[in-house]
Every structure is written in structure tokens, then in C-alpha cells.
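The residues making up each chain are set out below.
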Amino acid sequence: RLANTLGGLLISWAVGRPIPDNQSGYRLIGRPLMERLLASEEGGFEFEVEMLARAIADRMRIEWVPIRTIYAGAPSHIRPLAHLRHFIRVTRMARTIVRGAPER
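Throughout, a residue's number is its position along its own chain's written sequence, starting from 1. Totals for whole chains, interfaces and linings use all residues, but because this is a predicted model, local features are given only for residues with pLDDT of at least 70 and pairs of side-chain atoms are given and counted only at 80 or more. Heavy atoms from the whole structure form the basis of all side-chain values; hydrogens and water molecules are not counted.

A. Expanded view of the side chain of serine 40. Numbering goes from the N terminus for both helices and strands, where a helix is a DSSP run of H or I of at least four residues and a strand is a run of E of at least two. Among the structural elements, serine 40 can be located in the loop between helix H2 (31-37) and helix H3 (44-57). Any pair of nitrogen or oxygen atoms within 3.5 Å is treated as a polar contact; in protein, a donor-acceptor pairing is required on top of that, and neighbouring residues in sequence qualify only through side-chain atoms on both sides. Polar side-chain contacts of serine 40 include one of 3.1 Å to the backbone nitrogen of glutamate 42. The contact criterion used is simple: two residues touch if any of their non-hydrogen atoms lie within 4.5 Å. Residue contacts for serine 40: discarding those within four places in its chain leaves Phe47 and Glu50.

B. Representation of the pattern of salt bridges in the model. What makes a salt bridge here is a side-chain nitrogen of Lys or Arg within 4 Å of a carboxyl oxygen of Asp or Glu, nothing more. On inspection of all chains with the given rule, the structure shows 5 salt bridges. Across the pair arginine 36 and aspartate 58 runs a salt bridge, and its minimum N-O distance is 2.7 Å. Of the two residues, arginine 36 sits in helix H2 while aspartate 58 sits in the loop between H3 and helix H4 (80-99), which places them 22 residues apart along the sequence. With its nearest N and O atoms 2.8 Å apart, the salt bridge here joins arginine 89 to glutamate 42. Pair noted here: arginine 89 is in helix H4 and glutamate 42 is in the loop between H2 and H3, with a separation of 47 residues, a long-range link. When its relative accessible area of 18% is taken as the criterion, glutamate 42 is described as buried. Think of it in three bands: residues with accessible area under 20% of the maximum for their type are buried, residues over 50% are exposed, and the middle band is partly exposed, with areas taken using a 1.4 Å probe on protein chains only.

C. Region of the structure containing H4. Helix length check: H4, at 20 residues, gives a terminal C-alpha distance of 28 Å against a target of 28 Å (1.5 Å per residue), a fit within 8%. Along H4, the residues that are buried comprise Ala82, Phe87, Val90, Thr91, Met93, Ala94, Arg95, Ile97 and Val98. Tucked inside the fold, the buried residues of H4 contact helix H1 (2-15) and H3. To estimate how far a helix should extend, the number of its residues minus one is multiplied by 1.5 Å.

Shown next, in the form of C-alpha cells:
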């Protein structure tokens, strides 16, 4: 939970707008965004972040519907050092994508 909360704050800063949840939930993705992501080489949570950054950069509509996350005592799959390194890289990527978007 801590990683998700801190990650959400950092991603929100990177893309310049509030991102209530960058990992959980269902996604309904339109064809234009999916076509933009076909060349992506990201996987896992990095892909989720890139998807959000590209949607924001292209001024696509993003909406959130609250869902209840159930952890049910399951062990965390987070490897702190490895995931931190990946998260810093993907946060920088997201910031670059959004800042490099042409003004509309």
C-alpha cells in the first residue's frame, strides 16, 4: 500500500496532474491510444505508467471509477531496490513524454 501511495504521488508530479491510481483497476482503452502503444517496449507497471503519460500527452480523456482493492494478507511482490530503480526510470520517462507533448 505504501508503494502504491508514494508511487501515485510521484507519477502525479511527473505528469502534472492528479493520478488517483496508476496500477489498479480495469482499463477501457480506445484504438488511438492502443495504436500509440504498439511500439512500447515496457512491461508490467512501467507499461501502465507509459499508457497514462501518452494519454495525457495526447490530451485523451481519462476517468477513474473507484474500486475496492483487496489485499487479503497476500504477500507483497515488490522487490524494493529493483522496483525503485525501475520506478525512477519510468517516472522520468513519463515526465519526458508529457513535457515533450506539443501545446494545443
